[in-house]
Amino acid sequence: MPDRAPPTTEPTIRVSTMPADANAYGDIFGGWLVGLMDMAAGLVAARRARGRAVTVAMDGMQFHAPVFVGDEVSVYAKLIKVGRSSMQIDVEAWRRGRHGEEHELVTQAVFTFVAVGEDRKPRPVDGEA
């Protein structure tokens, strides 16, 4: 993965990792990170849909770097495509050591969400981007 800087926008979510998020070796669980990315994408999708939106797909994901207990994880989510009821959100997760300034891309994926009504059936995405 080429070296590059994280996005210049504010992260959608930023957290410090804790021991409960890790395995016995101090490495953060991949599933924990995927869940955080899904939450970030969900925030973007719900705002754009002006209501409930659910995850229906996530493209393949590759982990480029580990995340350790105490790291700061910043998740950036950006809407990249809107269909009639679906939205695609590009999500990147970056890590920064607790006492350093160097950022490292951990993983990236595109999440697909569908806007749903109270009946939990697809509905058109409302509003403008």
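Scroll up to find the structure this text is about.
All values reported here derive from a predicted model rather than from experimental measurement.

(A) Structural detail: the sheet that holds strand β4 (residues 86-96). Spatially, five strands are ordered β1-β3-β4-β5-β2 in an open sheet, and the strand pairing comes out antiparallel. Edge positions in the open sheet fall to β1 (13-16) and β2 (53-58), since each of these has one partner strand only. When the angles between neighbouring strand axes are averaged without regard to direction, this sheet yields 30°. Direction of pairing for strand β3 (residues 72-82) relative to β4: antiparallel, over a ladder of ten bridges. When the bridges of β4 are listed, L79 appears paired with I89.

(B) Here's a closer look at the pairing of strand β5 (residues 103-115). With ten of its 13 residues buried, β5 lies for the most part within the structure. When β2 meets β5, the two strands line up antiparallel, connected through five bridges. Following the sheet pairing, A53 is matched in β5 by A115. In this sheet, β5 lies alongside β4 in antiparallel orientation, the contact comprising eleven bridges. Residue pairing in the sheet places Q88 in a bridge with T112 of β5.

(C) Spatial organisation of the nonpolar core. Counting 26 residues, the largest nonpolar core has M37, V75, M87, I89, V91 and F113 as the members making the most contacts within it. Put simply, the parts of the chain that give this core at least two residues each are α1 (30-49), β3, β4 and β5. Among the elements that make up this core, the one with the highest residue count is α1 (eight residues). Other than its neighbours up to four places away in sequence, V75 contacts P11, T12, I13, L36, M37, A40, V91, E92 and A93.

(D) Layout of the side chain of R123. Position of R123 among the secondary structure elements: in the segment after β5. Residue class for R123 comes out buried when judged on its relative accessible area of 16%. Among all residues touching R123, those that are not within four sequence positions of it are A49, R50, G51, R52, R84, S85, A115, V116 and G117.

(E) Fine view of the environment of E118. Its location among the elements puts E118 in the segment after β5. Judged by its relative accessible area of 79%, E118 falls in the exposed class. Sequence separation between E118 and R52 is 66 residues, and the spatial gap between their C-alpha atoms is 8.1 Å.

(F) Molecular detail of the pairing of β4. Of all eleven residues in β4, nine are buried; the element is thus mostly enclosed. Once β3 ends, the chain turns through three residues before running back antiparallel as β4. The antiparallel pairing of β4 with β5 creates a hairpin that spans six residues between the two strands.

Parameters at a glance
- For every chain, the first residue of its written sequence is number 1, and the numbers climb from 1 along that sequence.
- Only residues with pLDDT of at least 70 get local features here, since the model is predicted, and only at 80 or more are side-chain atom pairs given and counted; chain-wide, interface and lining totals rely on the full set of residues.
- Note that the side-chain values use all heavy atoms of the structure and ignore hydrogens as well as water.
- Two strands form a pair only when DSSP identifies at least two bridges running between them.
- A run of H or I in DSSP counts as a helix once it spans at least four residues, and a run of E counts as a strand once it spans at least two, with each numbered from the N terminus.
- Between the N-to-C directions of two axes lies an angle of 0 to 180 degrees, each axis being a line fitted to C-alpha atoms and, for a helix, fitted only over the stretch in contact.
- Partly exposed describes any residue whose relative accessible area lies between the buried limit of under 20% and the exposed limit of over 50%, with all areas from a 1.4 Å probe on protein chains only and scaled to the type maximum.
- Note on terminology: a nonpolar core comprises buried Ala, Val, Leu, Ile, Met, Phe, Trp, Tyr and Cys residues joined through side-chain atoms within 4.5 Å.
- Contacts: residue pairs with any heavy atoms within 4.5 Å of one another.

Any functional reading would require information that these geometric values do not contain.
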